Amino acid sequence: MFDNAQKCRRSTFQKPFDLPLERVDNIMPADFNWAIGGEAGDGIDSTGKIFARALSRAGRHVFTSKDFASRIRGGYTAYKIRTSVDRVQSVVDRLDVLIALTPRTIDENRSELHDGSVIIYDGERTTMQNATIPDDVIGLDVPLKRLAEEAGGAIMRNVVALGAACAVADFPIENLDSALQKRFGSKGQKLVDNNKEAARAGRDYVQETYDHDFAYDLDTTDEDYVLINGDEAIGMGAIAAGCRFYAGYPITPATNVMEYLTGRIENYGGHVVQAEDELSAINMALGGARAGARAMTATSGPGIDLMTETFGLVATSETPLVICNVMRSGPSTGMPTKQEQGDINQMLYGGHGEIPRFVLAPTTIDDCFWKTVEAFNLAEKYQIPVYLTADLSMAVTEQTFAPDAFDMDDVEIDRGKVVDEESIDEWQNEKGQFKPHALTDDGVSPRALPGTTEGAHMTTGLEHDELGRRTEDTEMRVEQVDKRNRKVETAQEQEDWSPREFGDPESDTLVISWGSNEGAMVEAIDLLEEEAISIRFISVPYIFPRPDLSEEITSADDVLVVECNNTGQFADLLEHDALARVQRINKYNGVRYKADELAEEIKAALAASQEATQ
Amino acid sequence: MSSDVRFTDFKSDKQPTWCPGCGDFGTMNGMMKALANTGNDPDNTFVVAGIGCSGKIGTYMHSYALHGVHGRALPVGTGVKLANPNLEVMVAGGDGDGYSIGVGHFIHAVRRNVDMSYVVMDNRIYGLTKGQASPTSREDFETSTTPEGPKQPPVNPLALALSAGATFIAQSFSSDAMRHAEIVQEAIEHDGFGFVNVFSPCVTFNDVDTYDYFRDSLVDVEDTDHDRTDYDAAKDLILDMDKEYQGVLYQNEDAASYEQAHGLTENMAEIPDGAPDDATDLVREFY
Ligand SMILES: Cc1ncc(C[n+]2csc(CCOP(=O)(O)OP(=O)(O)O)c2C)c(N)n1
Ligand code: SF4
Ligand SMILES: [Mg+2]
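Bear in mind the structure is a predicted one, so any value in this text is a computation, not a measurement.

**A short note on the packing of aromatic side chains**
All names here are of chain B.
Logical step 1: Counted under the stated rule, the structure contains 25 aromatic pairs over all chains.
Logical step 2: Measuring from ring centre to ring centre gives 4.9 Å for Trp18 and Tyr60, while their planes differ by 85°; the resulting arrangement is edge-to-face. Here Tyr60 lies in helix 2 (residues 57–60) and Trp18 lies in the segment before helix 1 (23–37), a separation of 42 residues in the sequence.
Logical step 3: Among the residues examined, Trp18 registers a relative accessible area of 5% and is labelled buried.
Logical step 4: Geometrically, the ring pair formed by Tyr231 and Tyr250 is edge-to-face, given 5.5 Å between the ring centres and 85° between the ring planes. Of this pair, Tyr231 sits in helix 9 (residues 231–239) while Tyr250 sits in strand 8 (residues 244–251), and the two are 19 residues apart along the sequence.
Logical step 5: Accessibility expressed as a relative area gives 37% for Tyr231, which makes it partly exposed.
Logical step 6: Residue classification places Tyr250 among the buried positions, given a relative accessible area of 7%.
Logical step 7: Through a chain of ring-to-ring contacts, three or more aromatic side chains come together here, namely Tyr99, Phe106, Tyr118, Phe193 and Phe195.
Logical step 8: Above the ring of Phe7, the side-chain terminus of Lys33 is found at 5.2 Å from the ring centroid.
Logical step 9: Geometry around Tyr213 places Arg138 over its ring, the cationic atom sitting 4.6 Å from the centre.

So, in structure tokens, the structure goes:
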């Protein structure tokens, strides 16, 4: 039975039993890092999700990340999980257990493996024959396919591997059962049972074949967590906020928003349309919004490019619309499955002419939910297009939260100045015509939704008068431009645009970031603290309008602005606001920041700045 | 209030700036009559206008209306109708708007079969930009950008619609006021996407596709034994490049509209004051 495995071992296999146990214990951190990697089509994602769910249901916190195609060409993909009983908000450069379905998975993750890391692989798999298990790593050869076949089908190979991982991590297999039930329950009990059996076969095989204590021990707790990604949080936020009309065109990494809404929004009286392109998607959404529905579209950079002409129309016609931009690496098609925060300028300045707009950038997955709700309220209160931007790393990775992070009772809806049959007279001219663009002190005009008696009116992308009709009158032009900008001023005064603060408020070192870098940075603060470096960290969820950080910036000795782009688009804005220079920490290789890496970057930047001042 | 609505209720107090004699006057009159005759009133009607001389119709009519960007009127109309199926939605624009920059949307709007009407004011020229070739311009039609003619065949919008699965295909002529209004009315009454290509002559920039030309060459299918429900017969007429037809060339009354197929009946503007009652179920799903 070991024929194939033997071949693999001859050149590479290191017996796990050779490793002194103490060594493993010494490097055992509080958290546990796990991954499964293989080729696209190997079911990596769904297997990873099953394990993440099992951990979450066992009351452990989970933070996941996904590697799509990467450094080397080809279809490599991996799903990584960091888990702890404490909250985890970042990935780190470390792997404790790796399920490798291909040799390349081992190569890709070599640098994250350490003394005592475990690789689970199927030595009988032809492609694994020439895999090299690194010397310091424990290789567990488990006949995944054969055991799966015995349990009812080769397709359950990955579940056998999960069972094996449970054995290694001393994680009760029953936790896996409930995740398997959730994943396969709709396909019949038989399939669930087969999968449970496959998982046990993997566990038993490891326990029987490798009589070894692996020193990983995944505690469980009684906590209930939900496991959710950013796209799902945005979709859920949209439904909670009363969004009922969604039009979109598929694009990574925004498609999940559309897929989430499809099949759910209908239960609340809504609908999702798959448009023929993004030009259509935003125009449909605009139509839905003009009809009075809370409407949204979601896309990524290339789609935003196509939507730009209509974006100006949305603003000029004063239509409330939420446009979600889940950023990915650009320009052009760029690296479609890679992380980047490169679209600030696009969202702030895209479009000809001067277009008032808001740009919201949630910093965590739960914040994605709340900012979505806020985006709909802002859109309707100010009758303005609102960009809601997340990025790939936050959108497609799962994280655990206590369910009350999404407390539906806290969702507030503000529809702004909608008039009805009674109040409409106040907003009519002497001829009884409704004024959709009435000049007001706060810049906000009344809204009459179609169907409202005596509310019939037009609006247009042409400059218009209060009635919405084209005008080139020089005075009216200025009045309408001013009025639209006045809405922004009103919002700046009346709404809360505060950032989120972490670390030591007294520290002379100020780190500022926006969007999804928050989690890694919060953990980096702890790491730096261990080295007696104190940090004040401001995480900004609002790009425009945004908090004025001039005072914070000018009073700090060192200001470091962290973002996932090359030029430092947010740093530019802060410099402009504060009339002061900041230092930039930029990453644009397509991978999100990791906590340990970010801590090193900050240390290096501080050292460099110290050197410069000496 | 619908019973006492007159077609002039759909007229705004803005005086059209179309050239005297422009076909768009007649096209618009017919649209207003058709809307009034079908029991609509300005407060339940939404007109979406394209960009072009034709697109100015949004300003000259009185209803809820949006005059959007060039070529994207159909998606806007789709969004309005799906978000509130109780509204009467009419989309109107030019041949350039619908068959050039917006042709992608045209094909897909036809396929989708949303219950709205689409009136194309086809003057076979770009009027607003002062006389360039349009997708329906003749092969040898000389314009400022095509001094020897486009040298490519014009699109056949009716054939495009048929091949995309249209359920209602009609053609009318703006100066045959009665028939034009009747045909648009039928498009409104059709349970699905009612498409009418209207010959709406540009007296300023097109001296070929003139009133005289259409008057002389148009054949009304009502004067023939054409059966509009006969797909093959409709196809033959539509592909007959030697004649111009007026009337409803094709209608399929059996096909479900998009709203019927998706069970859309409610006005989506109506939402609760907070999260929906059972919204916590959404959170529970992620356990
Ligand atoms: C994106 C964009 N490109 C070009 C134009 C300029 N433009 C306005 S109307 C028009 C053509 C109009 O032709 P048609 O749709 O046939 O309308 P008509 O004026 O003939 O009624 C063009 C090219 C524009 N407004 N927007
Ligand atoms: S240019 Fe042609 S289409 Fe435009 S208004 Fe004049 S006649 Fe009509
Ligand atoms: Mg034209």
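**Structural notes on the domain arrangement of chain A**
Residue and element names in this part refer to chain A.
Logical step 1: Each assigned domain of chain A is listed with its residue range as follows: domain 1 (6–224), domain 2 (228–410), domain 3 (424–494) and domain 4 (500–613).
Logical step 2: For domain 1 and domain 4, the distance between their C-alpha centres works out to 35 Å.
Logical step 3: Here domain 1 and domain 4 share an interface that buries about 760 Å² over both sides, 44% of which is from carbon and sulfur atoms.
Logical step 4: Linking domain 1 with domain 4 are three salt bridges.
Logical step 5: Our enumeration of links across domain 1 and domain 4 arrives at seven residue pairs in polar contact (both at pLDDT 80 or more).
Logical step 6: Split by residue class, the side of domain 1 that touches domain 4 holds four nonpolar, two polar and four charged.

**A word on helix 7 (residues 173–184) of chain A**
Residue and element names in this part refer to chain A.
Logical step 1: For helix 7, which comprises 12 residues, the first-to-last C-alpha distance of 16 Å matches the rise-based estimate of 16 Å (1.5 Å per residue) to within 8%.
Logical step 2: Buried within helix 7 are the following residues: Ile173, Asn175, Leu176, Asp177, Ala179, Leu180 and Phe184.
Logical step 3: Those residues of helix 7 hidden inside the fold are in contact with helix 3 (44–57), helix 6 (157–169) and helix 8 (189–209).

**Details of the site of ligand 2**
Logical step 1: What surrounds ligand 2 is the set B:Trp18, B:Cys19, B:Cys22, B:Cys53, B:Asn123, B:Cys202, B:Val203, B:Thr204 and B:Phe205.
Logical step 2: Taken together, the residues of the shell around ligand 2 break down into seven nonpolar, two polar and no charged.

**Digging into the nonpolar core**
Side chains of nonpolar character tend, in soluble globular proteins, to be buried together.
Logical step 1: If you look at the biggest cluster of nonpolar residues, it comprises 92 residues, and the most contacted ones within it are A:Ile512, A:Phe570 and B:Phe195.
Logical step 2: Setting aside residues up to four positions removed in sequence, A:Phe570 forms contacts with A:Ile344, A:Ile512, A:Trp514, A:Val540, A:Ile543, A:Arg546, A:Val561 and A:Glu563.
Logical step 3: Grouped together as the second largest cluster of nonpolar side chains are 61 residues, A:Cys243, A:Val326, A:Ala375 and A:Phe401 included.

**With respect to the site of ligand 1**
Logical step 1: Taken together, 17 residues are adjacent to ligand 1, and B:Cys53, B:Ser54, B:Asp95, B:Asp97 and B:Gly127 come closest.
Logical step 2: Taken together, the residues near ligand 1 originate from chains A and B.
Logical step 3: In the environment of ligand 1, an oxygen atom lies 2.7 Å from a nitrogen or oxygen atom belonging to the backbone of B:Asp97.
Logical step 4: Residue B:Leu128 places a main-chain N or O atom 2.9 Å away from an oxygen atom belonging to ligand 1.
Logical step 5: Burial of ligand 1 by the surrounding chains reaches 76%, relative to a free accessible area of 590 Å².
Logical step 6: Among the elements that make up the shell around ligand 1, the one with the highest residue count is helix 4 (residues 95–101) of chain B (four residues).
Logical step 7: Here the shell around ligand 1 is composed, by residue class, of six nonpolar, eight polar and three charged.

**Overview of the interface of chain B and chain A**
Note: interface size is frequently given as the accessible area lost on complex formation between the parts.
Logical step 1: Opposite the 50 residues of chain B that make contact, chain A presents 70 residues.
Logical step 2: Taking both partners together, chain B and chain A bury about 4,800 Å²; carbon and sulfur atoms supply 63% of that area.
Logical step 3: Contact with chain A buries area across many residues of chain B, yet B:Tyr64, B:Phe286 and B:Tyr287 alone supply 17% of it, more than any other trio.
Logical step 4: Where chain B meets chain A, there are four salt bridges.
Logical step 5: The partner of A:Arg264 in a salt bridge is B:Glu285, with the nearest N and O atoms 2.5 Å apart.
Logical step 6: At the junction of chain B and chain A, the tally comes to 28 residue pairs in polar contact (both at pLDDT 80 or more).
Logical step 7: Those elements that provide at least two residues to the side of chain B that touches chain A are helix 2, strand 2 (64–67), helix 3 (73–83), helix 5 (103–112), helix 10 (258–262) and helix 11 (280–284) of chain B.
Logical step 8: In terms of residues, the side of chain B that touches chain A owes the most to one element, helix 3 of chain B, which gives seven residues.
Logical step 9: Its residues assigned to classes, the side of chain B that touches chain A comprises 25 nonpolar, 17 polar and eight charged.
Logical step 10: Judged from the three bridges that link them, strand 15 (residues 458–460) of chain A and strand 2 of chain B form a sheet pairing that is parallel. When the sheet's bridge partners are listed, A:Thr460 is paired in strand 2 of chain B with B:His67.

**Here's the deal with unusual backbone geometry**
Residues and elements named next belong to chain A.
Logical step 1: The omega torsion across Gly330 and Pro331 is -5°, close enough to zero to call that bond cis.
Logical step 2: Residue Phe544 is joined to Pro545 through a cis peptide bond whose omega torsion reads -15°.
Logical step 3: Tracing the backbone shows Pro545 in the loop between strand 19 (542–544) and helix 18 (550–555).
Logical step 4: In this model, Glu454 sits at a positive phi of 65°, which is unusual for a non-glycine residue.
Logical step 5: Of note, Glu454 is situated in the loop between strand 14 (398–401) and strand 15.
Logical step 6: For Ala532, which is not a glycine, the phi torsion comes out positive at approximately 60°.
Logical step 7: Relative to the assigned elements, Ala532 resides in the loop between helix 17 (518–530) and strand 18 (536–540).

**Looking at the UniProt feature "domain: Thiamine pyrophosphate enzyme TPP-binding" (unreviewed entry) in chain B**
Logical step 1: In the numbering adopted here, UniProt assigns the feature "domain: Thiamine pyrophosphate enzyme TPP-binding" (unreviewed entry) to residues 51–198 of chain B.
Logical step 2: Between the end C-alpha atoms of residues 51–198 of chain B there is a gap of 16 Å, over a span that is 35% helix and 19% strand.

**Looking at the sheet that holds strand 15 of chain A**
Logical step 1: Here nine strands make up an open sheet; going across it, the order is 15(A)-2(B)-1(B)-3(B)-4(B)-6(B)-5(B)-8(B)-7(B) and the pairing mixed. Sheet topology places strand 15 of chain A together with strand 7 (218–220) of chain B at the edges, where each strand pairs with a single neighbour. With direction set aside, neighbouring strand axes in the sheet form an average angle of 20°.

**What about the side chain of A:Asn377?**
Logical step 1: Here A:Asn377 shows up in helix 14 (residues 365–382).
Logical step 2: A distance of 2.8 Å separates the side chain of A:Asn377 from the backbone oxygen of A:Glu412, its partner in a polar contact.

**Here's the deal with the pattern of salt bridges**
Here the idea is simple: oppositely charged side chains can pair when their charged atoms come close.
Logical step 1: Scanning the model with the defined rule gives 56 salt bridges over all chains in all.
Logical step 2: A salt bridge links A:Arg415 to A:Glu380, with the nearest nitrogen and oxygen atoms 2.9 Å apart. Taken together, the residues span a long stretch of sequence, with A:Arg415 in the loop between strand 14 and strand 15 and A:Glu380 in helix 14 at a distance of 35 residues.
Logical step 3: Taking relative accessible area as the criterion, A:Arg415 reaches 18% and is therefore assigned buried.
Logical step 4: With a closest N to O distance of 2.7 Å, B:Glu186 and B:Arg228 form a salt bridge. A residue pair is termed long-range when its members are at least 10 positions apart, and B:Glu186 in helix 7 (residues 177–189) and B:Arg228 in the loop between strand 7 and helix 9 qualify at 42 residues.
Logical step 5: Several salt bridges share partner residues, and in doing so they unite A:Asp45, A:Lys49, A:Lys66, A:Glu232 and A:Glu398 into one network.

**Remarks on the environment of A:Ala241**
Logical step 1: Turning to its location among the elements, A:Ala241 is positioned in the loop between helix 9 (230–240) and strand 8 (243–248).
Logical step 2: A relative accessible area of 0% places A:Ala241 in the buried class.
Logical step 3: A sequence separation of 53 residues divides A:Ala241 from A:Arg294, and the C-alpha atoms of the two residues are 8.3 Å apart.
Logical step 4: With near-sequence residues (within four places) excluded, A:Ala241 lies in contact with A:Arg294, A:Val373, A:Phe376, A:Ile413 and B:Ile271.

**Describing the pairing of strand 9 (residues 271–274) of chain A**
All names here are of chain A.
Logical step 1: As paired elements, strand 8 and strand 9 share four bridges and run parallel to each other. Residue pairing in the sheet places Tyr246 in a bridge with Val272 of strand 9.
Logical step 2: With helix 10 (residues 255–261) bridging strand 8 and its parallel neighbour strand 9, the resulting β-α-β unit is right-handed.

Rules of the game
Residues numbered from 1 in each chain as written. Chains lettered and ligands numbered in written order. Predicted model: local features only at pLDDT ≥ 70, side-chain atom pairs only at ≥ 80, totals over all residues. Heavy atoms only, no water. Phe/Tyr/Trp six-rings, centres within 6.5 Å; stacked < 30°, edge-to-face > 60°. Helix = DSSP H or I, 4+ residues; strand = E, 2+ residues; numbered from the N terminus. Buried < 20%, exposed > 50% of the residue type's maximum accessible area, 1.4 Å probe, protein only. Lys NZ or Arg CZ within 6 Å of the ring centre and 35° of its normal. Domains from an automatic or database assignment. Buried area = accessible area lost by both parts, 1.4 Å probe. Salt bridge = Lys/Arg side-chain N within 4 Å of Asp/Glu carboxyl O. Polar contact = N/O pair within 3.5 Å; in protein donor to acceptor, adjacent residues only side chain to side chain. Nonpolar A, V, L, I, M, F, W, Y, C, P; charged D, E, K, R; others polar. Expected span 1.5 Å × (residues − 1). Contact = heavy atoms within 4.5 Å. Near = heavy atom within 4 Å. Core = buried A, V, L, I, M, F, W, Y, C linked by side-chain atoms within 4.5 Å. Areas by Shrake-Rupley, 256 points an atom, 1.4 Å probe, with all protein chains shown as cover. Pairing = 2+ DSSP bridges. UniProt positions renumbered as here; feature names shortened; annotations may be inferred. Axes fitted to C-alpha atoms, helices over the stretch in contact; angles between N-to-C directions. Right-handed = clockwise from strand over helix to strand, strands pointing away.

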